[in-house]
Amino acid sequence: MKKASILLLILTLVLTMGLTGVYAEEPIKVSVDGTILNFDVNPTVIEGRTLVPLRAIFEALGAEIEWENTTKTVTATKEDIKITLEIGSKYATVNGEEKELEVEGKIIDDRAMVPARFIAESLGASVEWNAEEKTVVIASAATTESATEPVDKASAPGEEVTEATDEASAPGEEVTEAADEDSTPSEDVTETADEDSAPSEEVAEDSAN
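Note that the structure is a prediction, hence the values are computed from the model and not measured. (Residues numbered from 1 in each chain as written. Predicted model: local features only at pLDDT ≥ 70, side-chain atom pairs only at ≥ 80, totals over all residues. Heavy atoms only, no water.)

A. Spatial organisation of the sheet that holds strand 11 (residues 111-115). Spatial strand order, 3-4-11-10: 4 strands in an open sheet with antiparallel pairing. Two strands in the sheet have a free side with no partner beyond their single neighbour: strand 3 (44-46) and strand 10 (106-108). Shown here is a sheet whose adjacent strand axes are inclined to one another by a mean of 45°, direction ignored. Bridge count for strand 4 (residues 49-53) against strand 11 is 3 bridges, and the pairing is antiparallel. Directly across from Pro 53, in strand 11, lies its bridge partner Met 113. (Pairing = 2+ DSSP bridges. Helix = DSSP H or I, 4+ residues; strand = E, 2+ residues; numbered from the N terminus. Axes fitted to C-alpha atoms, helices over the stretch in contact; angles between N-to-C directions.)

B. Examining the environment of Leu 85 more closely. On the secondary structure map, Leu 85 appears in strand 7 (residues 81-86). Given a relative accessible area of 0%, Leu 85 falls into the buried group. The sequence separation of Leu 85 and Val 74 amounts to 11 residues, and the corresponding C-alpha distance is 5.4 Å. (Buried < 20%, exposed > 50% of the residue type's maximum accessible area, 1.4 Å probe, protein only.)

C. Quick look at the pattern of salt bridges. What the rule picks out here adds up to 6 salt bridges. A salt bridge links Glu 97 to Lys 99; its shortest N-O distance comes to 3.6 Å. A residue is classified by how much of its surface remains accessible, and Glu 97, at 47% relative accessible area, is partly exposed. Taking relative accessible area as the criterion, Lys 99 reaches 30% and is therefore assigned partly exposed. (Salt bridge = Lys/Arg side-chain N within 4 Å of Asp/Glu carboxyl O.)

D. Inspection of the pairing of strand 1 (residues 29-32) at higher detail. Inspection of the sheet shows strand 1 paired to strand 13 (residues 135-139) by 4 bridges, in the parallel sense. By the bridge assignment for strand 13, Lys 29 is matched with Thr 135. Across 2 bridges, strand 1 lies against strand 2 (residues 35-36) in antiparallel orientation. Across the sheet, residue Val 32 finds its bridge partner in strand 2, namely Thr 35. With antiparallel pairing between neighbouring strands as the criterion, strand 1 and strand 2 make up a hairpin whose turn holds 2 residues, including Asp 33 at a positive phi of roughly 55°.

Below you can see the structure in the form of structure tokens.
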């Protein structure tokens, strides 16, 4: 009985450790403008910073890249932004200005891995960490700008259209007034017609005489 209890305890510990290992291996996710990126090598955290496959993060943010295998250096360009980063170095350049990285890029499973936050922010994107979902949330510069456009200004043309519509109805009122004025001559015509009929009565009286 005692041996059975010990075996049961050992089995429980093994299962608990196994489940803990499964949860610990849950990969970190990265989303760009609401789309979860797919990686052939999962993101990894080193010194509190998330490193992601180089090509995937740059292309997701709309940058074109050139890879120099001899020096393990990547050059990425997007519009007027140029980033140069050498794997293994804690320094990178953005438009010729040297920047210090909190953690250098590394080669992991034959993939060049770079710090997601540095890359995203250098390309004008915003970065947040969702601890509950274990997700790095990136919003590109275009998405951020469109989200901050004032709504009031956009609605102003609609108000002008409404005012223009009210003004457009004014001529209709003038037309109505004009129509009322035009009806006045018809009364004069009626009166004229009555006056014209008077001579015919005199002709009838002459005939009678």
